[in-house]
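Inside the fold
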Amino acid sequence: MATEIEKGQDIPKIVQTLVQNHGDEKAELIPILQEINREMGYISDEAIKELSERMNLPSSHIYSVATFYRMLSTEPRGRHVIQFCESAPCHVAGGRLVWQRMLRELGLEKGETSQDNKWTLLTTSCLGLCGVGPVMIIDNDIYGNVTPEQVPGILSNYE
Amino acid sequence: MKTTRSMVLVSSDPESLDRGALDVFSTLQKQITKFGLEEEIALSMITDISKHAMSPLVLVYPDAVIYGPVTTDDVPMIVEEHLYKGRVVEEKQISAYDLSGRVAWLSSRKGTMPAENRIVLKNVGLIDPENIDEYIINDGYEGLGTVLKEMTPSETIQVIKNSGLQGRGGAGFPTGLKWQFVNGAKGNKKYVICNADESEPGTFKDRLVLEGDPHAIIEAMSIGAYAVDADEGYVYIRGEYDLAISRMKKAIQQAREYNLLGENIFGTDFSFDIHIHAGAGAYICGEETALIESIEGNRGEPRPRPPYPTTAGLWQKPTLVNNVETLANIPAIIRNGAEWYKSIGTPSSPGTKVYTVLGNVNVTGLIEVPMGITLREVISIYAKGMKGGTNFKLAQTGGSSGSIIPASLQDTPMDFDSYNKAGVSLGSGALLICNEDVCVVDLAKVLLNFFRFESCGKCNPCRIGTKRAYDTLVNISEGVGTLQDLKDLQMMSDQLYELSNCGLGQTAGSPLKDILAHFRAEVEAHVKLKVCPAGVCPMSGQREYKIF
């Protein structure tokens, strides 16, 4: 998710390999998009165009699918993606105060990416880790029972 | 989870308080500590018992013995004789005969101290989920063998029907009936889907089953496939559940190696294989027709129903869609029989239910208990009471599409039937327990924000209704709400229910309905007095959203 996009990465080649591995049936569209998202950090217009030709699907359909699902992004994201759970169990367990601290520490609003491209701050619906709420995920690291005081320390773990 | 041996309740209605119930309570507390029983006995206050002449009352559970009227002088004897030595103090005991409501209910279940009863979670945490042999040693795949060798598909369906198993995804539809529909549907190709897109806020029971006992799902899907004559299955797992996905993949691989999936299983004519589809992050895909759209490579937008998936599901073929927890019951029902299953739980809702207990309680986590247990029991026994001795205000069941249950319903048995009669819903099994620090307007705001975000946008009532309701709640929480807003919220709740295409929109308004029905005074305080009684809402006086 937080992989940086390398310049000059050969998008047509990546897409071609994925379509070869998965097959070009429509049912494989979402698994392929997930892999593109993982490999490249987001799903670029170029990838959508390439995929449209290889899978024989309208690019409008691919775009509509790519924008529907929360785990897929059509926008570039920062080096580190923070997903903060905003569902009721985490909220009741004290998530509101942690979120306020997070906004203050990062100086970002919900959904924004920082100017230095370091952070993208997202909220998410329940992550199924409610036993240890409030919960947030940074890249692939899960943090539970987070208190407002812990926020600066957690953020300092990331370069 | 650790459980307590006994539960002691002290009545706290006005008469009881007037006659010293609080002193009785604190003396009980001291005496229980004196005998070192504080770990074993849960002590809490109970509100209206409606036997005021005998108050204050002390109830000892599971024996269902009622003492009254109890003074502080009686307490040492009750604790020493009954709680410590186990002998009922007969001279203080009163009959439960003319008691009504919750006490009658408690008494009628004498001796049934609800211990955890694990069917769904039987193996979870006890076996190595990545080793098929451990599952097989624990009676695994025995049910599938029995079905394939000794039973016809219609006999299999009959067993599930007789067991009374109801879908555990939230709606409570009879599972056997669903199997029968798919079995009877015309078509030469049928599918079985396991709905593991668990996204209800506060629910993570399915994740633990998938992570802890994946072969139970494979076995159950195979039994279902045999019963409805399907040869292909999908497990739709939500994309965030990495560990569950990898464990399931491994389990399917092992089952294929043992020829428990594939061609001619157990040497019979029956062939069946399972694919995994990982979700990509959309709550709505837990709705079965949206889930099917998603497998087909589309946006997860629910289809109009009918036709139901049982006749036209995946690629328009008859499809059986069952939730993880529902499926996890199947192998045990086949092994032990329908009568065994019916002996657990309540007559109208047999079996167990897995709950995730969350919120302002001392112990959070997962429990599996017989249907028909009460919220009070869950809080006192399994959650070890409210955090910091705070008061129970409400519980939110079943994730966001559940109900807000006020304290007055905490003695209603938790089963599909009783909850329906009380006008609330059991939902998917999350129990978010809230104390008085939680503001109902704030809670409803969080819930509606969730629906607003997760609405797929296909139908207008849901897309616009959730947004409008959220904006209205924000304004109320900012102290600029009006009485008209309350009427609007009620109307939006009704319209969401009546006009939305799928379950998401239909239930999105239930928090609105619930807070207006049970906590109207608190909501009105925000509007009339511009005060948030719980001190949570910002009440800035600034209008955040303009409503035309």
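Just so you know, these numbers come straight off a predicted model, no measurement behind them. (Residues numbered from 1 in each chain as written. Chains lettered and ligands numbered in written order. Predicted model: local features only at pLDDT ≥ 70, side-chain atom pairs only at ≥ 80, totals over all residues.)

**Quick look at the overall build of chain B**
When its secondary structure is counted, chain B shows 22 helices and 14 strands. Its C-alpha radius of gyration of 25 Å places chain B within 12% of the 24 Å reference for a compact globule of 548 residues. Expressed along its principal axes, the backbone C-alpha trace of chain B runs to roughly 75 × 65 × 35 Å. A burial count over chain B gives 55% of its 548 residues as buried. (Helix = DSSP H or I, 4+ residues; strand = E, 2+ residues; numbered from the N terminus. Rg over C-alpha atoms; globule rule 2.2 N^0.38 Å. Buried ≥ 20, exposed ≤ 12 C-beta atoms within 10 Å, placed from the backbone.)

**With respect to the domain arrangement of chain B**
Residue and element names in this part refer to chain B. One can read the domain layout of chain B as domain 1 (6–108), domain 2 (132–340), domain 3 (352–435) and domain 4 (440–529). Computed over C-alpha atoms, the centres of domain 2 and domain 3 are 28 Å apart. Listed per partner, the contact involves 12 residues of domain 2 and 14 residues of domain 3. (Domains from an automatic or database assignment. Contact = placed C-beta atoms within 7 Å.)

**Describing the packing of helix α7 (residues 153–163) of chain B against helix α8 (residues 175–184) of chain B**
All names here are of chain B. Where α7 meets α8, the closest approach of the two axes is 7 Å, and the angle between their N-to-C directions is 155°. With respect to each other, α7 and α8 are oriented roughly antiparallel. Our pair here, α7 against α8, has a crossing hand that is left-handed. Facing α7, whose interface residues are Pro153, Ile157, Ile160 and Lys161, α8 presents Thr175, Gly176, Leu177, Trp179, Gln180 and Asn183. The residue inventory of the contact of α7 with α8, partitioned by class, reads five nonpolar, four polar and one charged. (Axes fitted to C-alpha atoms, helices over the stretch in contact; angles between N-to-C directions. Parallel < 35°, antiparallel > 145°, perpendicular 65-115°, else oblique. Left-handed = near helix turned anticlockwise from the far one by under 90°. Nonpolar A, V, L, I, M, F, W, Y, C, P; charged D, E, K, R; others polar.)

**Regarding the interface of chain A and chain B**
Think of interface size as the accessible area that goes away when the parts come together; that is how it is often given. Listed as interface residues are 26 residues of chain A and, on the opposing side, 38 residues of chain B. When contributions to the side of chain A that touches chain B are tallied by element, the ones reaching two or more residues are α2 (29–40), α4 (59–68) and α5 (88–106) of chain A. Broken down by element, the side of chain A that touches chain B gets its largest block of residues, five residues, from α5 of chain A. When grouped by side-chain class, the residues that make up the side of chain A that touches chain B number 16 nonpolar, seven polar and three charged.

**Some remarks on the environment of Gly107 of chain A**
Residue and element names in this part refer to chain A. Relative to the assigned elements, Gly107 resides in the loop between α5 and β2 (119–124). A residue is classified by how many C-beta atoms lie within 10 Å of it, and Gly107, with 11 of them, is exposed. Counting along the chain gives 65 residues from Gly107 to Tyr42, while the straight-line C-alpha distance between them is 23 Å.

**Remarks on the domain arrangement of chain A**
Per the domain assignment, the segments making up chain A are domain 1 (11–68) and domain 2 (80–155). Summarising the inter-unit geometry, the C-alpha centres of domain 1 of chain A and domain 2 of chain A are found 30 Å apart.

**A closer look at the nonpolar core**
General note: in soluble globular proteins, nonpolar side chains tend to be found buried as a group. All names here are of chain B. With 203 residues, the main nonpolar core has Val58, Ile193, Ile217, Ile237, Val357, Val378 and Ile433 as its most contacted residues. Element by element, the count of residues in this core is highest for helix α10 (residues 214–228), at 10 residues. Other than its neighbours up to four places away in sequence, Val357 contacts Thr364, Gly365, Ile367, Val378, Tyr382, Ala383, Leu431 and Ile433. (Core = buried A, V, L, I, M, F, W, Y, C linked by C-beta atoms within 7 Å.)

**Focus on the sheet that holds strand β14 (residues 430–435) of chain B**
Residue and element names in this part refer to chain B. If you trace the five strands from one edge of the open sheet to the other, you get β11-β10-β14-β12-β13, paired in mixed fashion. A single partner strand is all that each edge strand has here, and the edge strands are β11 (365–370) and β13 (404–406). Each adjacent strand pair in this sheet contributes to an overall mean axis angle of 30°, direction not counted. Two elements, strand β12 (residues 392–397) and β13, share three bridges in a ladder whose sense is antiparallel. Residue pairing across strands places Gln396 opposite Ile404, the latter belonging to β13. Set on the sheet, helix α15 (residues 375–382) makes contact with β10 (352–359), β11, β12, β13 and β14; between it and β10 the angle comes to about 65°. (Pairing = 2+ DSSP bridges.)

**Regarding α4 of chain A**
Residue and element names in this part refer to chain A. All of the buried residues along α4 are Ile62, Val65, Ala66 and Phe68. End-on, the buried residues of α4 take up no more than an arc of 165°, which puts them together on one face. On its buried face, α4 sits against α2 and α3 (45–55). (Arc of directions from axis to C-beta.)

**Looking at unusual backbone geometry**
For residues besides glycine, phi is generally negative; the peptide bonds are generally trans as well. Of note, the bond from Gly133 of chain A into Pro134 of chain A is cis; its omega dihedral lies within 30 degrees of zero at -5°. If you trace the backbone, Pro134 of chain A turns up in the loop between β2 and β3 (136–138). Pro307 of chain B follows Pro306 of chain B through a cis peptide bond whose omega is 0°. Structurally, the position occupied by Pro307 of chain B is in the loop between α12 (288–295) and β9 (319–323).

**Observations regarding the sheet that holds β3 of chain A**
Residues and elements named next belong to chain A. With mixed pairing, four strands are arranged side by side in an open sheet as β2-β1-β3-β4. Two strands lie at the open edges of the sheet, namely β2 and β4 (141–143), each paired on one side alone. Pairwise comparison of adjacent strand axes, ignoring direction, gives a mean angle of 20° for this sheet. Relative to β4, β3 runs antiparallel, the two being bridged by three bridges. Following the sheet pairing, Ile137 is matched in β4 by Ile142. Packed onto the sheet, α5 meets β1 (80–85) and β2 and runs at close to 145° relative to β1.

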